[in-house]
Amino acid sequence: MHLSTRPILRRVALAGAALLAATAAMPQAAAATDDRAAVGGGKLSAVIRYTENGIPHILARDYAQLGFGTGWAQAADQVCVLADGFVTVAGERSRWFGADAAPDFSLSSAAKNLSSDLYFKGVRESGTVERLLATPAPAGPTEDLKELMRGWAAGYNAWLAQNKVTDPACKGAGWVHPVTTADVAARGFAVSVLGGQGRGVDGITSAQPPGTPGAAGTPGAAAASAATDPAAAAEAARAFFDTARYDMGSNAVAFAGSTTANGRGLLLGNPHYPWQGGRRFWQFQQTIPGELNVSGASLLGTAVVNIGFNDKVAWSHTVATGTPVNLHQLALDPADPTAYLVDGKPERMTRRTVTVPVAGGAPVTRTQWWTRYGPVVSDLGAGLPLPWTAQTAYALNDPNAANLRGSDTALAMGRARSVAGIQDALKRTQGLPWVNTVAADSTGGTLFTQTQVLPRITDELTARCSTPLGRATYPASGLAVLDGSRGDCAIGSDPDAVQPGVFGPGRAPTLQGAPYAENSNDSAWLANADRPLTGYERIWGTVATPRSLRTRGAVEDVSAMAAKGRLTVADLQKQQFANRVPAGDLAAADAAQACAALPGGTATASDGSAVDVSAACGVLAGWDRTTDSASRGALLFDRFWRRLTASTPAKDLWLVPFSAADPVRTPRTLNRAAPGIGRALADAVAELKAAGIALDAPLGEHQFVVRGGRRLPVGGGTEALGVWNKIEAPWNAAAGGYPEVAHGSSHIQAVGWDGSRCPVARTLLTYSQSSNPGSPYYADQTRLYSEERWVTARYCERDILTSPKLKVVPVRERR
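Residues numbered from 1 in each chain as written. Predicted model: local features only at pLDDT ≥ 70, side-chain atom pairs only at ≥ 80, totals over all residues. Heavy atoms only, no water.

Enquirer: How do you make sense of the pairing of strand β4 (residues 266-270) when you look at a structure like this?
Expert: If a strand is regular, its side chains alternate between the two faces of the sheet. With respect to burial, β4 is a largely interior element, 5 of its 5 residues being buried. Neither face of β4 is exposed, since Leu266, Leu268 and Asn270 on one face and Leu267 and Gly269 on the opposite face are all buried. Two strands pair when backbone bridges link them, and strand β3 (residues 251-255) and β4 are joined in this way by 5 bridges, in the antiparallel orientation. Note that in β4 the partner of Phe255 across the bridge is Leu266. Judged from the 3 bridges that link them, β4 and strand β30 (residues 747-752) form a sheet pairing that is antiparallel. From the neighbouring strand, Leu268 faces β30, where its bridge partner is Ala750. (Buried < 20%, exposed > 50% of the residue type's maximum accessible area, 1.4 Å probe, protein only. Helix = DSSP H or I, 4+ residues; strand = E, 2+ residues; numbered from the N terminus. Pairing = 2+ DSSP bridges.)

Structure (structure tokens):
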């Protein structure tokens with residue numbers, strides 16, 4: 001006879017909850033006195049309650065034990081991805097995977113393992129992370145966060161000690177091993193500098209004084225020319241810091257109570273992050289009874305909820321336009337290129353010699369050079385060389401290299417009770433390195449703020465202290481290049497800043513209480529089109545400049561929703577999967593007419609061949625202007641539009657140019673006479689025919705992922721199309737079109753409140769909870785995403801304990 005285990009599991013869960021709640025209710029001194037006995041001689045423990053889709057709800061008595069449960073549960077789902085990241089921050093990729101192989105770019109932009117290792121090993125050997133850990137709050141991490149990180153490391157290690165790794169990506173691998181609190185902090189450091197030093201790793205590790213054999217700092221003629229050409233430098237800097245080119249983005253919108261059905265706020269968060277590797281999100285809930293109860297998602301290796309909600313407030317982040325670094329141009333000592341002058345006095349650079357072990361070869365030793373401003377750097381991407389000559393070098397200032405507070409910010413937001421509490425958390429901790437925050441609360445409040453850690457570069461400072469290179473790059477990209485030889489050009493500090501050399505939160509572009517607050521990775525200017533934000537320094541972003549198609553489409557959508565009113569969580573769900581194509585609404589009809597006007601229905605392709613495009617005209621005209629899986633014509637327009645916009649400047653593409661007075665509706669009206677239209681049509685038609693793809697094939701037949709041998713069609717569209725539900729996939733005609741998603745919609749949350757103690761939340765982790773193909777949670781939410789279905793969040797205890805999939809796992813150290 002089969003006996004149900006459900007009553008037993010519920011009793012275990014309730015008993016665990018009662019024990020933890022009782023402990024939390026003890027007076028602080030009594031709880032501390034009894035803690036070691038309660039958990040068995042100081043051993044850490046937690047209770048993990050799994051519900052549908054493998055989502056863990058972690059219950060613990062204090063922050064160390066909460067971290068323990070979090071580290072355990074993350075390891076259970078993502079041990080190989082986590083272990084790979086710890087190899088990265090230890091500077092040991094070359095040892096295990098070879099010097100010339102490429103990392104997955106999740107923790108830096110290093111092109112090869114060797115440069116990644118040289119940078120991260122240098123960070124570790126310099127003691128940077130340990131010094132930051134030892135810095136007292138608020139400039140350094142709080143004790144709560146340090147306890148969380150300590151517990152996370154212990155939980156990860158305990159899972160390794162008590163379980164066998166089954167994921168084929170690292171089963172039996174020697175590089176999977178226990179970690180320390182410093183390793184966890186080092187991963188947090190890598191995330192913090194991801195937009196700064198992390199993007200300059202190749203330039204930091206290759207910069208060498210002139211005359212050094214093989215020195216990257218000695219430019220060739222082409223590089224030297226690019227470095228001195230203001231127009232080329234401005235364009236290179238603009239491209240380097242262009243958020244539309246990142247593999248991270250996001251949309252988020254908060255609606256005020258004046259627009260909703262019940263007077264309470266609503267939040268829709270739609271981050272765009274990689275679908276593989278170490279920048280995946282992981283979904284969970286953290287509870288310390290009476291202290292913390294927050295649900296959402298974290299970046300792997302992080303011990304806190306980075307984006308999420310509680311019973312009173314919800315928030316999400318979008319990648320911001322603030323330029324998180326600046327350069328200092330150094331005047332070198334004529335007698336020594338490793339010394340630089342400040343107010344006429346020489347200062348010696350600091351030499352960091354780093355040795356990296358390499359698989360199958362001799363260790364590699366390189367020298368890095370550091371200044372009072374930061375490391376000497378030889379370039380910021382291939383397009384912006386920064387040559388180290390006998391007279392000049394460039395140092396990179398990244399204030400986030402002194403910032404381990406990002407997780408403290410997330411922890412404080414998880415404890416917030418309103419959007420005012422979110423803003424207070426941001427002001428107190430000042431830990432967000434490269435994102436905006438959008439939030440809504442249960443009383444109907446909304447917030448947009450760009451409170452992030454930026455170097456305190458004012459327009460006045462750049463007017464006084466920019467070098468000729470900086471006068472080109474700063475207006476174009478926000479990248480300041482200051483005269484490092486002048487003491488009066490030092491970056492100052494704001495009185496409300498918790499670390500020197502950064503803006504205080506009082507200077508951040510902020511919008512409070514608007515009917516809607518939205519961001520899609522453009523600057524703060526149009527967070528609400530009716531209440532534009534202005535008056536901030538150029539380093540934060542632009543004002544009165546063209547917006548991306550994704551921003552334009554998003555503002556159109558959310559402003560219409562706000563005007564309609566009576567909004568509910570269901571309306572947020574509809575917006576997420578509307579899959580409207582702003583580019584299609586603007587251009588498809590005109591493109592179809594331009595197609596129909598081509599003589600003989602033919603156009604000349606890029607290779608000079610004549611292509612019959614007549615069938616494409618009707619497909620474009622009949623397309624429904626969406627990127628739903630069933631949409632016919634979306635794929636043709638996508639391939640056509642990418643080519644057209646890549647080859648045709650905006651001034652030649654549109655008949656009505658951009659107007660700052662009408663930024664959402666301009667530019668518009670496709671120039672049907674633009675010569676690139678015929679060529680782009682011919683190339684797109686020829687490409688699809690060569691691949692055996694019908695011009696009117698449903699999008700989902702050729703935009704999909706394969707999980708467990710099954711094709712799952714994927715709706716959504718690219719940055720170029722401006723689709724809210726962003727999906728970026730490498731084109732592979734031989735494999736059927738777009739056969740795998742690289743990045744795009746990731747941890748989606750639609751959150752509201754109904755007056756009860758439980759938030760109304762729907763979530764979706766597009767790529768699912770586990771990277772292990774043998775896990776039942778490897779593709780389950782990906783199937784839901786393919787079918788445009790959602791997960792109903794279980795936040796309150798009654799909802800967790802009544803889950804039909806409830807599985808209770810008490811976990812503890814065994815040492």
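Moving on, there is more to tell.
Enquirer: Is there a simple way to explain the pattern of salt bridges in this structure?
Expert: It is possible for side chains of opposite charge to pair when their charged atoms get near one another. All told, the structure shown has 38 salt bridges when counted by the stated rule. Between Arg124 and Asp183 there is a salt bridge, with the nearest N and O atoms lying 3.2 Å from each other. Of the two residues, Arg124 is situated in helix α5 (residues 113-125) and Asp183 in helix α8 (residues 181-192); the sequence distance between them amounts to 59 residues. Lys726 is the salt-bridge partner of Glu719, the closest N and O atoms lying 2.8 Å from each other. In this pair, the class of Glu719 matches that of Lys726, namely buried. (Salt bridge = Lys/Arg side-chain N within 4 Å of Asp/Glu carboxyl O.)

Enquirer: Can you walk me through the state of the cysteines in this structure?
Expert: Disulfides are covalent bonds that link the sulfur atoms of two cysteine residues. On inspection of all chains with the given rule, the structure shows 4 disulfides. Each disulfide pairs two cysteine sulfurs, and for Cys80 the partner residue is Cys170, the sulfurs being separated by 2.0 Å. Sign of the S-S torsion, about -80 degrees for the bond between Cys80 and Cys170, identifies this disulfide as left-handed. Taken as a pair, Cys80 in helix α3 (residues 63-89) and Cys170 in the loop between α7 (143-162) and α8 lie far apart in primary sequence, 90 residues in all. With respect to class, Cys80 is no different from Cys170; both count as buried. Between the sulfur atoms of Cys758 and its disulfide partner Cys796 the distance amounts to 2.0 Å. The sign of the S-S torsion, about -120 degrees, decides the handedness of the disulfide formed by Cys758 and Cys796: left-handed. Of this pair, Cys758 sits in the loop between β30 and β31 (760-765) while Cys796 sits in the loop between β32 (791-792) and α24 (797-801), and the two are 38 residues apart along the sequence. Since its relative accessible area comes to 12%, Cys796 is described here as buried. (Disulfide = S-S within 2.5 Å.)

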